[in-house]
Amino acid sequence: MATPAPALVLLPEWGSGHLMSMLESCKRVLLAGGGGGREFSITLLVMRPPTDEAGSEVEAHVRREAASGLDIRFHRLPAVDPPADATGVEEFIARYIHLHAPHVRDAVAGMGRPVAALVLDMFAAPMVDVARDLGVPSYVFMSSTGAMLALMLHLPVLHDRVTVEFHEVDGEVDVPGLPPLPPASMPCPVVDKKSPNYTWFVRLGDRFMDATGIIANTADELEPGPLAAIADGRCVPGRAAPPVYPIGPVLSLGNAEKDSSEPPHECIAWLDGQPPASVVFLCFGSMGWFEAAQVVEITAALERSGHRFLWVLRGPPPAAEPGAGAPDGSEHPTDANLDELLPEGFLQRTKGRGMVWPTWAPQKDILAHRAIGGFVTHGGWNSVLESLWHGVPMAPWPLYAEQHLNAFELVRDMGVAVPLGVDRERDNFVEAAELERAVRSLMGGGASEEEEGRKAREKAAEMKAVCRSAVAAGGGSSHAALQRLSEALHQGAALPKK
Ligand SMILES: COc1cc(-c2[o+]c3cc(O)cc([O-])c3cc2O[C@@H]2O[C@H](CO)[C@H](O)[C@H](O)[C@H]2O)cc(OC)c1O
Ligand SMILES: O=c1ccn([C@@H]2O[C@H](COP(=O)(O)OP(=O)(O)O)[C@@H](O)[C@H]2O)c(=O)[nH]1
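Residues numbered from 1 in each chain as written. Chains lettered and ligands numbered in written order. Predicted model: local features only at pLDDT ≥ 70, side-chain atom pairs only at ≥ 80, totals over all residues. Heavy atoms only, no water.

Asker: Quick rundown of the overall build of the protein chain? Include the residues and the values.
Answerer: Across its full length, the protein chain carries 18 helices and 14 strands. Here the C-alpha atoms of the protein chain give a radius of gyration of 22 Å, agreeing with the 23 Å that 2.2 N^0.38 yields for 498 residues. Across its three principal axes, the protein chain shows a C-alpha extent of roughly 70 × 60 × 45 Å. For the protein chain, with 498 residues in total, the buried portion stands at 56%. Counting only carbon and sulfur atoms, one obtains 52% of the accessible surface of the protein chain, whose full area is about 19900 Å². (Helix = DSSP H or I, 4+ residues; strand = E, 2+ residues; numbered from the N terminus. Rg over C-alpha atoms; globule rule 2.2 N^0.38 Å. Buried < 20%, exposed > 50% of the residue type's maximum accessible area, 1.4 Å probe, protein only. Areas by Shrake-Rupley, 256 points an atom, 1.4 Å probe, with all protein chains shown as cover.)

Okay, structure coming up:
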C-alpha cells in the first residue's frame, strides 16, 4: 500500500484575514511540488470561534474549501471554555488558542500519517512545544508584514533594553531592518507595557525563535530591510532565527468567488463609467467604522478635493457600548444608514462623481478596476498586498492592530503611500483639511500636485511588477522560497511520536 502523503496540519486563528491567508498559502505549497497537489495533504484544525458571528464565517470557509477538490480535511477540535479573566484582546486570543493545546496534541498524534508541519498562527506560537514533544516540525505563519515579524522577534531584546514605555523614549525606537521608528508608529499591542497584551507579544516573539521555520505572506523585494535583518541574525543577537520563507503576495479569495453569468456588482458597474485612474477608493477593512463627527470631516474633504470617489462607509458594531464588544476584538461594523450618517445634501452635491457604499464591498475587484487611482486604507496587510498587486498607491489611515506600523513602512520605507496625519490620541481622528491634502497628493493631476504623490504613484506601479514577478515560476523570489519550503517540508516529515 502507498504511504499516505505527509500532512500539513494547520492551526489558524478564526479571523478571516488569518485563516484564509494561511490556507491559501498552504494550498500553494500543495500545488507547488508538481505532483498535482498530491505530495502533501492539508488538515485544518478548526477551533470553535469565541463569537457566533466568527463561527458562521468559519463555517462558510469550511463549506467552500471542502468543495474545492483539493485534499483538504477538517478536524474539529473539542470546544474549550474561553478565559473569563482576560483583560485584553490579544491576551484573550493567545490564551483561548493555547487552551486547545491538549486537543491539538491529540489531533496531531492521531494523524496516522507523517506530519510535514504543524503550521501555527502567530497567536498560537507557544504550541511549538506540542510539535517538539511529538517530534514533528513546526512553522509559524505570519499573516502580517516582515516588519512586524522583525519587530516581534526583536521585542524580547527591546523589552530588556527599553525599560520605559515606548512613548516615553527620547527619540525613535531601533528595530533592525527598519528606519528609526517613531513611538507613535508602534503596533497597538505594545503601546502599554503594563497590559497583558504586551507581555503576550513579548512571549509570542520569543516563541517564534523555537519554530522550525516561519512562512510569511510577503516577498523579499517588498520588504528587503526587515527580511535581511532577520536572516542576518540582527533581530536576536547571538541566536540564529528560524529560516523565513517569504512566499507572497498570497491574496486570499475569501468570499470573492462569483458566478461569471451574474451582472457586475453595483460598485463595479459605477466604476465602469469613470475615466482611468480617476477614482479614490476609501475602505477600512473588516472592522473599520467611524463616529458621526469623523464622517462629517470625510465628507468635507471629499467634496473639497473635487476628486471622484468610491467610499465604503460602515456603521458602528451592534455592541459598541463600552465593555460590550467581542472578547477577540472582532466586532464587525454594521451596514451604514446613509440618511442618518451623511450630512444633508452631500449625496446630491457629489452626484455623478461619488458613490458611498454602505456594506461589504468587493474590494479585490474594485482595486483591480482601471478607474481606481488611489486607495485610502486602514492599512491591513491583506488590503495593502491587494493594492500593490494592482499597483494602486495608498494613503494609510491606521485604526487598529499593527496598522500604525504598516502605515510607517508604506510611507517611509516602501514609498508607495502618501502620509496622512492621524491623531492617535483622538481615536485616530483625521481633520478634513488633512484628508483633502492627502487625497489631492495621492491622486495628483491638479495645479498643486505634490512630489510625494507622484513618487508614491510611480513606486506603487513598480511594485505591481515586483509582486507579479516574485510569484512567477522560473526565477521569482517567492516561487523559489516556496520550492525551498516544499523541500524542507519533505525532508522534515515525521510520524508523530505517541
Ligand atoms: C498581525 O498583527 C495583529 C493582528 C491582529 C488581529 O487580530 C484579529 C483577531 C480576530 O479575532 C479576528 C481578526 O480578524 C483579527 C485580525 C487581526 O489583524 C489583522 O490581521 C491581518 C493579517 O491577517 C492584517 O495584518 C490586519 O492589519 C490586521 O488588522 C491583532 C493584533 O493586535 C491587536 C495584531 O498585532
Ligand atoms: O468591504 C470590504 C472590506 C474588506 N474586504 C477584504 O477584507 C480583507 C481585510 O483584510 P486586512 O488584512 O486588510 O484587514 P483586517 O480586516 O483583517 O483588519 C481584505 O482581503 C479585503 O479585500 C472586502 O473585501 N470588502
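Structure's up, so let's keep going.
Asker: Outline the sheet that holds strand E8 (residues 279-283), listing residues and values.
Answerer: Ordered by their spatial adjacency, five strands build an open sheet running E12-E9-E8-E13-E14, and the pairing between neighbours is parallel. Since the sheet does not close on itself, it has two edges, and those belong to strand E12 (354-357) and strand E14 (394-396), each with one partner. Ignoring which end each strand starts from, the neighbouring axes of this sheet average 15° apart. Pairing geometry for E8 and strand E9 (residues 308-312), over four bridges, is parallel. Residue pairing across strands places Leu282 opposite Trp311, the latter belonging to E9. Strand contacts of helix H10 (residues 292-305): E8 and E9, with the helix running at about 160° to E9, the strand carrying the most contacts. Taken strand by strand, helix H16 (residues 432-443) contacts E8, strand E13 (372-377) and E14, and its axis lies near 145° from that of E13. (Pairing = 2+ DSSP bridges. Axes fitted to C-alpha atoms, helices over the stretch in contact; angles between N-to-C directions. Contact = heavy atoms within 4.5 Å.)

Asker: So what's going on with the nonpolar core? Residues and values would help.
Answerer: Core analysis: the biggest nonpolar cluster contains 100 residues, and Leu8, Leu11 and Phe208 have the highest contact counts within it. Per-element accounting of this core gives the leading share, nine residues, to helix H6 (residues 146-161). Contacts of Phe208, omitting those with residues within four sequence positions, involve Met122, Ala125, Val140, Met142, Leu149, Met152, Leu153, Ile214 and Pro242. Among the nonpolar cores identified, the runner-up in size contains 35 residues, and Val312, Ile372, Leu385 and Met414 belong to it. (Core = buried A, V, L, I, M, F, W, Y, C linked by side-chain atoms within 4.5 Å.)

Asker: Give me helix H18 (residues 477-492): which residues, what numbers.
Answerer: In an α-helix there are 3.6 residues to a turn, and that puts residues three or four apart on one side. Taking 1.5 Å of rise per residue, the 16 residues of H18 would be expected to cover 22 Å, and the 22 Å separating its terminal C-alpha atoms lies within 8% of that figure. Looking only at H18, the buried set comprises Ser477, Ser478, Ala481, Leu482, Leu485, Ser486 and Leu489. (Expected span 1.5 Å × (residues − 1).)

Asker: Just give me the short version of the environment of His265, but keep the residues and values in it.
Answerer: Within the secondary structure, His265 is located in the loop between strand E7 (244-246) and helix H9 (266-272). Relative accessible area serves as the criterion here: at 29%, His265 is assigned to the partly exposed category. Counting along the chain gives 97 residues from His265 to Pro362, while the straight-line C-alpha distance between them is 7.8 Å. Once you skip the residues sitting within four places of it in the chain, His265 turns out to touch Trp357 and Pro362.

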